[in-house]
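Each chain, letter by letter, is given below.
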Amino acid sequence: MAHPVLWRGKTFFYPIGNTPAVCLTQDLCPTEKADVLLLGCGDPRHILYTVYTNNTGSQVASRQLDFTCCDLESAVIARNTILFTLLADDGAVQNMPQIWNIFFHFYLDKASHDLLISQCRKLVQLSSDLDSWNNGPYGHFLRMCTRDTLVELRRLWQLYVKTTTCSPSDAKAFQSAYAVDVKASKAKVKSVCTAGRAAGPLSMYALKIAGDHYNIYWDTGICSAVPKRPSEVSYPNATLAYSMAGDKFAVHYGTDPLACFHLAEAFAPAVGSARHPEKVTLNDVISVCKTQFSRWCTSVSKVLRNQGSSSPSPFIIRYFVGDALSLCQALDYSHIIKSTSTPFPLAPWKTACITLDPSAYGTGTQSRAPTMFNVIDTSNLLDHVGVLNILVVTIPILQRTPSATLYTEGLFGSSPGDTLPQQLCGDFATIGLLLGVIPVSFVSQFTNRSNMYELFMQATDGSTNQNHERLSWKLLGCAQKPPTDLDCAINIAPEQLAGVLFNIYLNMSPHESLAQRLAMVGHSGIVHYHRRSFVDMLGVIKRRMITDWDSTMNMLHDKIRNDRTLLTGMNSYQDLCCQMHLLGVFTVEWMSPHKVQDVYGSRFKWPIVFRDWKTFPQTVCVVLVIPRVRIQPLLPALDEAGTPVLHCDVRGGTTSNAFSCINTVFGTVKISGKGDSKTAAIEEDPTRRYGTSPLVVWFWMPSFVFSNKIRLSVVLSVLPTPPACKSLTTKLGLGLPLFSADMGDERLVHVLRQRPNAVPESPEEKSMQISGRSMKTPGPVTTFVTLDKECKKPLSFTTRVDIIDPEMKASMASGATPTVDQVSMHSIAIALGDKSLQSHFLLPIDAKKARLRIARKTLYIQVTLPLKLALGENDADMFPVIPKGGDLALWNMHRVNLDQCMPFSIANRKALDWVNPHIALMMSDRERRIPDGLTTGSTLLDVKYTIYSMFRQASGTVSGKPPLCYAMQEERTIFAMLYITDLRLDVGSHAMVADAWVMPSSPWSEKFEAFSKVSSHLNTSNMAMARMGVEERKAWAHLLVAATERCRTWEHKTNCEYRVQGAIPLTFDPEESPICSCGAGVGAEAFVKKYPMLRPLAPHVTRAAISPLFALSYLEKVFGSLEDAVTTKTPTTPASAVAVPQVCAACGKEGSGSGSLLICSRCKVVRYCSADCQRDDWKGHKKRCVAP
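From a predicted model like this one, the values you see are computed outputs, not experimental measurements. Here, residues in each chain are numbered from 1, in the same order as that chain's written sequence. It should be noted that, the model being predicted, local features are given only for residues of pLDDT at least 70 and side-chain atom pairs only at 80 or more, the latter also being counted only at that level, while totals for whole chains, interfaces and linings use all residues. As a convention, hydrogens and water are excluded, and side-chain values are obtained from all of the structure's heavy atoms.

Caption draft 1: View of the pattern of salt bridges. The term salt bridge refers to a side-chain nitrogen of Lys or Arg lying within 4 Å of a carboxyl oxygen of Asp or Glu. Counted according to the given criterion, the structure contains 41 salt bridges. Among the salt bridges present, the one from aspartate 995 reaches arginine 984, with a minimum N-O distance of 2.9 Å. Here the residue aspartate 995 occupies a position in strand 36 (residues 991–1000), and arginine 984 occupies one in strand 35 (residues 973–986), the gap between them amounting to 11 residues. With respect to class, aspartate 995 is no different from arginine 984; both count as buried. Here the salt bridges share partners, and the residues they tie into one network are Asp899, Asp982, Arg984, Asp995 and Arg1103. Helical segments are the DSSP runs of H or I of at least four residues, strand segments are the runs of E of at least two, and each set is numbered from the N terminus. Only protein chains enter the calculation, and the probe is 1.4 Å; a residue is then buried if its accessible area is under 20% of its type maximum, exposed if over 50%, and partly exposed in between.

Here it is as structure tokens:
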């Protein structure tokens, strides 16, 4: 397994989501088929909302949606299936109140209960086998990935039905136990208000209502504003009575249905209303949630009712019950090997391996189910399995397209900075280069998604223990136009690559470091990584490298052997070497076949355990059988310890070798054969820990462990993390052993050549070598990466460009000196004479600091470029729009359907107290400390200031009546006019968005004529001038393209200027339009309705969605912005967006030209005319001087 084995003691059931629904296709092109993988899928809110956003009639085309949903909790999938089948049935819309009750309430009325049970009976009848299900009324859109999934779901549906067919005494006992469990499950605190997160920018008003609803919900078992449950609502909801926790109600104490929805729509003042958010009632909030649920479900029902069972379905849901990491590996395996039988276990504590449905995944299938995906959503699995484990298994099955996106979410952690960066075990850029994906916001240095709730709770209540962060990851190279090789090879010097891998290795085992063990005291102590996790990651890295891999691995091996940082690091050395060998990553010299032959060449040298073997193996599988009577007394202590990690030790004399990549199951072992033909078959106990079968553990280890010929024992232990030691040392003793057996005791220990249950033609070896697939070979252009001295962060890229063009060769021969120009944030142009060559890089680079090496005889140019990743360093092209086939992909801005985004009223200024705190989060503490009145030196910050001013003016929070339009002006030239018709809520991103219409400048007679007709309505009193410098104006050229593309409801024409001219944006000339004309006038009725006096402009305006560009709280502090806003209601006004002349900060002397003033070497902002002025000003400036 890719994750350490955890003892699952007290577990909870999560039947209802705890974060608001998001649109899963928001980063795809409008016509692109969505192959979506949901890992840890939870309830179906994301699917419901995605279908709703894709099927409202305003999209360019109806998108094909194919969802593959995975959850370890079968009860989640059973409930979801009930919901979707109900929506596919006749009368779904009429039954919506009952469907709501079935899905969200602890107790049901008779009508809802009868509907649930009748549906379960129907599902039981249809699910006798896969063929029966696939040929049934739901099989055309709802498929099961494996037979095991259907079997498990059927078991649960039968249990739900059984609650109505048992004897009266059993029914009464069931109801009584259910009620006791519900009461015991409620949180032992006054209230839980995490549902307030669902209100996004208005969460400050939702906290009390969220707390009130939580108490009523858990006291009554229903969503209500009345703290008393109606007497007719008395039937226990059977779908909540069975889960992995056992046959009991075990719903997590933090559950609240309100958390699934977009509460901002309840609190924001609706158009035509001036109601203050503080006047919103709990009834209002519940009503909005039910309306949203009905709207989403009705959309799904409509799609299902309109598609026939005979034709291929444009909407498919595929379900898999099991482990997310295993499923990803199985899908990758099936994609490569073209087999439906895989060697990956269904789940931890299971022996069965994943066998995909041949009718869906077989090679002869007409329409094969997806095994590669352009959307992978991982919920908050990183909190439970570790972000590196997620990246390693999902990257291979992420489609190689510019729009393909991987989403991660984190909820654990008390502050924005301690969730993802620590789990990543390395620098973002470094890990990105090694694995091939990177958070888009890390490169862009902004996000359109607000986490205001998290920051608000931090500013007002430092004791919060949750921090929600959702990130979008994309393949490196996607931001290029066109995209570069999305599996681009990387070259790093072996000594540096070994150094960075060693640093990651150390960071993946904090529980083995004394300093980090001390830091874990008082924390959960959950361990996500073991040596197999590290080796799995090495397998992905190996395939991206053209480095001398053997040299790298030998150096890494030496570093690990000589390390003393990890106190017990060498205890896991054998495990590490074994896993590297099994996965084909690297075989250490002492494990090589010839070395094994040298050591054990003569049979008399073989250890006694191999006395009946015909050949001596490199590795063996050890099976340990632990009698139930030995493990049963320890279960209560293990349960109380939470989720301790289990591992095995092989001990002998003074040696102890730890093996953490173990497999566990409750069951019986049947041994057949002897010697190297000996096999083990495990029959799993379906009652698991509640039965009487032994606990069986097996793991791989090098046969070299037997070489010292001393007596060995196998020990199953709890990994001694600080929390585990604190809770278990008294019961288990030092080392936390659970059971020990002599290696030679053939009753309890079996040494095998193959794992248990392996068939003669087992794909085990094939699977283990998948990670050893061939490495990249050098292409025509190779990028060499240089890291810093500590081998932690990348410093520069070096590339060699061969000169093959005759004219450029002639220029080289004549002694011409090449020049390097920045083409985009990721690319440069090397010019020689009148010709140039472009080179692309995976991360932003700084062409101004390029170093050249010119080889005139051999005709090549070597260019070394430093990376440009420091906060505040941005180029104008920070909003890339990338051609993708006949469509356009957005790099760092998600798409929005503006017609679905609720507009809010600005009539009551007091009802908009939340606006200033919301948009204040655009600025980090660092950015806010930049002195007012000075140029910022950051193009991104300049753009932020302009957008910030627009939102303040458009909402009326700064100057009363909003302006009619915004004139985008560089010096004396207005290059675009922006008209905002509405301010709306982008609820999926917890942000506001401006519904705007843009009219770029261009010398068209029709536009001049239209403008002359409305000029009397536009004057300085109702126009806001957004003045800016040339770099910001260029950035806006890019932004306007992205802003019009992200909300378009029209198709690009065959003669679209983007296609004809091959340029995006079309121009940087302030007197020409940077955007195409395809969307001009489309949907402009809304523009005319808002501004009837501007009707002549309607054919020339294009709709655009302008969102705030929020600072990244996981990279730098943003609290100050919110703290000031919360206390004053009005944040500090940022520096003006006007392009200010460069002046000396001390004496005011104006600079005579570019570079004529000295710049502060620390903050890179303040300028001086002389060293004397800088010294004179230092006393005051040092209080504000902050390094970017």
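Next comes the rest of the account.
Caption draft 2: Here's a closer look at the pairing of strand 28 (residues 835–840). Of the strand pairs in this sheet, strand 27 (residues 827–832) and strand 28 are connected by 6 bridges, and their pairing is antiparallel. Paired with leucine 832 across the two strands is lysine 835, which belongs to strand 28. Should DSSP find at least two bridges between two strands, the strands are taken to pair. Here strand 27 hands over to strand 28 after 2 residues, with glycine 833 in that stretch at a positive phi of 65 degrees.

Caption draft 3: Highlighting the packing of helix 8 (residues 203–220) against helix 18 (residues 452–460). Their axes nearest at 10 Å, the elements helix 8 and helix 18 cross at an angle of 75 degrees. Put simply, helix 8 runs roughly perpendicular to helix 18. Residues Ser203, Met204 and Leu207 of helix 8 lie in contact with helix 18, whose contacting residues are Met452, Tyr453, Phe456 and Met457. Amino acid classes used here: Ala, Val, Leu, Ile, Met, Phe, Trp, Tyr, Cys and Pro are nonpolar; Asp, Glu, Lys and Arg are charged; the rest, including Gly, are polar. For the contact of helix 8 with helix 18, the per-class residue count stands at 6 nonpolar, 1 polar and no charged. In this analysis, axes come from line fits to C-alpha atoms, helices being fitted only over the stretch in contact, and the angle between any two N-to-C directions falls in the range 0 to 180 degrees. Geometric relationships in this document are graded by angle, where less than 35 degrees denotes roughly parallel, more than 145 denotes roughly antiparallel, 65 to 115 denotes roughly perpendicular, and other angles denote oblique. Two residues form a contact once any of their heavy atoms are found within 4.5 Å.

Caption draft 4: Summary view of the packing of aromatic side chains. Ring pairs shown here join Phe, Tyr and Trp side chains whose ring centres sit within 6.5 Å, with only the six-membered ring taken for Trp; geometry is labelled stacked below 30 degrees between planes, edge-to-face above 60, and tilted in between. If you walk through the whole model with that rule in mind, you get 45 aromatic pairs. Ring centres of phenylalanine 610 and phenylalanine 616 lie 4.8 Å apart, and the angle between their planes is 70 degrees; on these two criteria the pair is classed as edge-to-face. Judged on exposure class, the residue phenylalanine 610 and its partner phenylalanine 616 are both buried. Geometrically, the ring pair formed by phenylalanine 659 and phenylalanine 699 is stacked, given 5.3 Å between the ring centres and 25 degrees between the ring planes. Residue phenylalanine 659 is located in strand 17 (residues 655–659), and its partner phenylalanine 699 is located in strand 20 (residues 695–702); the two are separated by 40 residues in the primary sequence. Taken as a pair, phenylalanine 659 and phenylalanine 699 share a single burial class, namely buried. When the ring centre of phenylalanine 103 is taken as reference, the NZ or CZ atom of arginine 79 above it lies at 4.3 Å. Between arginine 561 and the ring centre of tyrosine 573, over which it is positioned, the NZ or CZ distance is 4.9 Å. Throughout this description, the term charge over a ring refers to an Arg CZ or Lys NZ atom that lies within 6 Å of the ring centre and within 35 degrees of the ring normal.

Caption draft 5: Region of interest: the sheet that holds strand 28. Spatially, 3 strands are ordered 26-27-28 in an open sheet, and the strand pairing comes out antiparallel. On the outer flanks of this sheet lie strand 26 (819–824) and strand 28, each paired with one strand and no other. Averaged over neighbouring strand pairs, the angle between their axes works out to 30 degrees when direction is ignored.

Caption draft 6: Looking closely at the sheet that holds strand 15 (residues 619–626). With antiparallel pairing, the 5 strands of this open sheet are ordered in space as 19-18-20-15-23. For this open sheet the edge positions go to strand 19 (679–684) and strand 23 (749–752), each flanked by a neighbour on one side alone. Across the sheet, the mean angle separating the axes of adjacent strands is 45 degrees when strand polarity is ignored. Summarising the sheet, strand 15 and strand 23 pair through 4 bridges and their orientation is antiparallel. Paired with valine 623 across the bridge in strand 23 is histidine 750. Each of strand 15 and strand 20 touches helix 23 (residues 573–582); the most contacted strand, strand 20, lies at about 80 degrees to it.

Caption draft 7: Up close: the side chain of threonine 939. Assignment of secondary structure puts threonine 939 in helix 32 (residues 939–954). The class for threonine 939 is buried, based on a relative accessible area of 9%. With near-sequence residues (within four places) excluded, threonine 939 lies in contact with Asn874, Ala876, Met878, Glu1031, Glu1032 and Ala1035.

Caption draft 8: Representation of the packing of helix 16 (residues 428–435) against helix 21 (residues 531–544) in the model. At a closest axis distance of 7 Å, the pairing of helix 16 and helix 21 adopts a crossing angle of 70 degrees. Overall, the two elements helix 16 and helix 21 adopt an arrangement that is roughly perpendicular. Contacts between helix 16 and helix 21 involve Leu433, Leu434 and Leu435 from the former and Met537, Val540, Ile541 and Arg544 from the latter. When grouped by side-chain class, the residues that make up the contact of helix 16 with helix 21 number 6 nonpolar, no polar and 1 charged.

Caption draft 9: Quick look at helix 4 (residues 110–126). One fewer than the residue count of a helix, multiplied by 1.5 Å, yields its expected span. If you check helix 4, its first and last C-alpha atoms are 24 Å apart, about what 17 residues at 1.5 Å a residue would give, namely 24 Å. Within helix 4, the full set of buried residues consists of Ser112, His113, Leu115, Leu116, Ile117, Gln119, Cys120, Leu123, Val124 and Leu126. In this structure, the buried side of helix 4 is in contact with helix 2 (74–88), helix 3 (96–104), strand 4 (107–108), helix 5 (130–134), helix 6 (147–162) and strand 6 (235–236). We define a polar contact as two N or O atoms separated by no more than 3.5 Å, with the added condition that, inside protein, one atom must be a possible hydrogen donor and the other a possible acceptor, whereas residues neighbouring each other in sequence contribute only through side-chain atom pairs. Among the residues of helix 4, the N-terminal cap falls to aspartate 109, whose side-chain oxygen and the backbone nitrogen of alanine 111 are separated by 3.0 Å.

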